[in-house]
Amino acid sequence: GSAVRAAGFLEPNERPRVGVVGCGARWDKRVMVPDGDYGVGKEFPKFGDIVTVCDVDAVRLERAREIVKGWQGVAPATTGDYRKVIDDPAIDCIHVSTPDHWHAKITIEAMLAGKDVYCEKPLTLTIDEGKKLCEVAKKTGRIVQV
């Protein structure tokens, strides 16, 4: 959809609540490079609320927390366990920026938990993972963007 349509929510309760899983180098490039194709992080608050950031590295996690707090004016929750993000019923969608070998697993688990997913490339490492992802997406009706 267009940015205009995405920003066309009527009430704060209609804004998507996003959980970020993985706050390392790829996430940095996606959200922070201001003069390139990326650097869209500061635009996130127009379209939704980042309510949780997750990374196994405590330094990256705290850094991401402070960055999101700067964008939104409120600090997101933090965790080192992606399953807590997926299990949170208040989160609508997951942004996956983990190392590549985690992408399919986290995306499948998120869809099964009723979440939509934005996943950095590559989505899968094998054809079988791709088939399983397609099967789960059809079964759950969730939206997945790569």
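Attention in this report is confined to the structure presented alongside it. Treat the numbers as computed from the prediction; the structure is a model and nothing was measured. (Residues numbered from 1 in each chain as written. Predicted model: local features only at pLDDT ≥ 70, side-chain atom pairs only at ≥ 80, totals over all residues. Heavy atoms only, no water.)

1. A few points about the side chain of Arg 15
Mapped onto the fold, Arg 15 is located in the loop between α1 (3–6) and β1 (17–21). Here the side chain of Arg 15 touches Asp 49 through a polar contact of 2.9 Å, side chain to side chain. (Helix = DSSP H or I, 4+ residues; strand = E, 2+ residues; numbered from the N terminus. Polar contact = N/O pair within 3.5 Å; in protein donor to acceptor, adjacent residues only side chain to side chain.)

2. Examining the nonpolar core
Val 21 and Ile 94 are the most contacted members of the largest nonpolar core, which has 18 residues in total. Listing elements by their share of this core, those giving two or more residues are β2 (49–54), α4 (82–87), β4 (93–96), α5 (103–112), β5 (116–119) and α6 (127–140). Per-element accounting of this core gives the leading share, 5 residues, to α5. Contacts of Ile 94, omitting those with residues within four sequence positions, involve Gly 19, Val 21, Val 85, Ile 86, Ala 110, Lys 115, Asp 116, Val 117 and Tyr 118. (Core = buried A, V, L, I, M, F, W, Y, C linked by side-chain atoms within 4.5 Å. Buried < 20%, exposed > 50% of the residue type's maximum accessible area, 1.4 Å probe, protein only. Contact = heavy atoms within 4.5 Å.)

3. Notes on the sheet that holds strand β3 (residues 77–79)
Pairing is parallel in the open sheet, where 6 strands are placed in the order β3-β2-β1-β4-β5-β6. Each end of this open sheet is capped by a strand with a single partner; those strands are β3 and β6 (144–145). Across the sheet, helix α3 (residues 58–72) touches β2 and β3, and the angle it forms with β2 is around 170°. (Pairing = 2+ DSSP bridges. Axes fitted to C-alpha atoms, helices over the stretch in contact; angles between N-to-C directions.)

4. Here's the deal with the packing of α5 against α6
In the contact formed by α5 and α6, the axes pass within 9 Å of each other and the chain directions differ by 15°. It follows from the interaxial angle that α5 and α6 lie roughly parallel. Considering only the axes of α5 and α6, their crossing is left-handed. On α6, the residues touching Ala 104, Thr 107, Ile 108, Met 111 and Leu 112 of α5 are Glu 129, Lys 132, Leu 133, Val 136, Ala 137, Lys 139 and Thr 140. The residue inventory of the contact of α5 with α6, partitioned by class, reads 7 nonpolar, 2 polar and 3 charged. (Parallel < 35°, antiparallel > 145°, perpendicular 65-115°, else oblique. Left-handed = near helix turned anticlockwise from the far one by under 90°. Nonpolar A, V, L, I, M, F, W, Y, C, P; charged D, E, K, R; others polar.)

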